[in-house]
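Chain residues, written in single-letter form:
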Amino acid sequence: MTLSAATRGALERLAASISALTLILIVVADAIPLLVLLVLALVQGLTTGEYPEGSGMGASGDFPPFDPQLWMAWLPVAAYGVWAIITVPLPVPRRRFPMLLTGLLLFAATIARIAGFVGHERIADGGTRYILVVIMVCAGLILLRAILGTLRLVPRSWLVARPGS
């Protein structure tokens, strides 16, 4: 499979956009909701004198006072998956390591966001029981592509970078 210069350029621009989108979604869908829950736990602890079990990183008693919408954790994972798939034919070995670091950040943010809530009878988990597996599969695809590229087991057009890139 050979990529034309125009197709490669379009894929590279799309990959850059999805990279930024993935990082934004990690903050918006994972970090901010987690911070809100931690602040709510602190407020509850200061006002009632009794902190929730897990200090806001899980459900206990009547905490949290609202559904934490765990399905939102899928948004950055979906963006990461699309990013992993569309970059397969691109000759960007220098970008594979940052992609894996983004995956590690996504894994850490997601596990902090969902770990204490999955399986609780009061909270819908939104299918997040399998979310960490999906993240690892995407990172595995990126790693496999990097290894195959290093061993030169991919088409030549996937190996040769454009001039100036």
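The coordinates are above.
Owing to the predicted nature of the structure, the values given are computational and were not obtained by experimental measurement.

S.K.: Report on the overall build of the protein chain, specifying residues and quantitative values.
M.R.: Each helix and strand in the protein chain was counted, giving four helices and zero strands. When the helices and strands of the protein chain are read in sequence order from the N terminus, they spell out α-α-α-α. In terms of C-alpha radius of gyration, the protein chain reaches 20 Å, well past the compact-globule figure of 15 Å for 165 residues. C-alpha atoms of the protein chain, sized along the principal axes, occupy 65 × 25 × 20 Å. Within the protein chain, the proportion of its 165 residues that are buried is 41%. Long-range contacts, defined as pairs at least 24 residues apart, comprise 76% of the intrachain contacts of the protein chain with a sequence gap of at least 6.

S.K.: How would you sum up unusual backbone geometry? Please name residues and give values.
M.R.: Cis geometry is adopted by the peptide bond preceding Pro64, which originates at Phe63 and carries an omega value of -5 degrees. Locating Pro64 in the fold gives a position in the loop between helix H1 (5-48) and helix H2 (74-86). You will see that Ser55, though not glycine, has its phi angle at about 55 degrees, which is positive. Along the polypeptide, Ser55 turns up in the loop between H1 and H2. If you check the backbone angles, Gln69 has positive phi at about 50 degrees while not being a glycine. When you line up the elements, Gln69 lands in the loop between H1 and H2.

S.K.: Outline H2, listing residues and values.
M.R.: Here H2 is 13 residues long and its end C-alpha atoms lie 18 Å apart, about the 18 Å a rise of 1.5 Å per residue gives. Here H2 has its buried residues at Pro76, Val77, Ala79, Tyr80, Gly81, Trp83, Ala84 and Ile86.

S.K.: Tell me about the pattern of salt bridges, residues and numbers included.
M.R.: Counting across every chain of the model gives one salt bridge. Across the pair Asp125 and Arg129 runs a salt bridge whose closest N-O atoms are separated by 2.6 Å. Here Asp125 falls in the buried class, since its relative accessible area comes to 15%.

S.K.: I'd like to hear about the packing of aromatic side chains, residue by residue, with values.
M.R.: As enumerated under the stated definition, the model contains one aromatic pair in all. Judged by centre distance (6.0 Å) and plane angle (70 degrees), the rings of Tyr80 and Trp83 are edge-to-face. With Tyr80 and Trp83 both in helix H2 and three residues apart, the pair spans about one turn of that helix. The pair formed by Tyr80 and Trp83 is uniform in burial state, with each residue classed as buried.

S.K.: Can you break down the packing of H1 against H2 residue by residue, with the values?
M.R.: Remark: H1 packs on H2, axes separated minimally by 8 Å, with the N-to-C direction vectors making an angle of 160 degrees. Between H1 and H2, the crossing angle belongs to the class labelled roughly antiparallel. The handedness of the crossing between H1 and H2 comes out as left-handed. Every residue of H2 that contacts H1 at Leu11, Leu14, Ala15, Ile18, Ser19, Leu21, Thr22, Leu25, Ile26, Ala29 and Asp30 is listed here: Leu75, Pro76, Ala79, Tyr80, Val82, Trp83 and Ile86. Classifying every residue of the contact of H1 with H2 by side-chain character gives 15 nonpolar, two polar and one charged.

So, how was this worked out
- Residues numbered from 1 in each chain as written.
- Predicted model: local features only at pLDDT ≥ 70, side-chain atom pairs only at ≥ 80, totals over all residues.
- Heavy atoms only, no water.
- Helix = DSSP H or I, 4+ residues; strand = E, 2+ residues; numbered from the N terminus.
- Rg over C-alpha atoms; globule rule 2.2 N^0.38 Å.
- Buried < 20%, exposed > 50% of the residue type's maximum accessible area, 1.4 Å probe, protein only.
- Contact = heavy atoms within 4.5 Å.
- Expected span 1.5 Å × (residues − 1).
- Salt bridge = Lys/Arg side-chain N within 4 Å of Asp/Glu carboxyl O.
- Phe/Tyr/Trp six-rings, centres within 6.5 Å; stacked < 30°, edge-to-face > 60°.
- Axes fitted to C-alpha atoms, helices over the stretch in contact; angles between N-to-C directions.
- Parallel < 35°, antiparallel > 145°, perpendicular 65-115°, else oblique.
- Left-handed = near helix turned anticlockwise from the far one by under 90°.
- Nonpolar A, V, L, I, M, F, W, Y, C, P; charged D, E, K, R; others polar.

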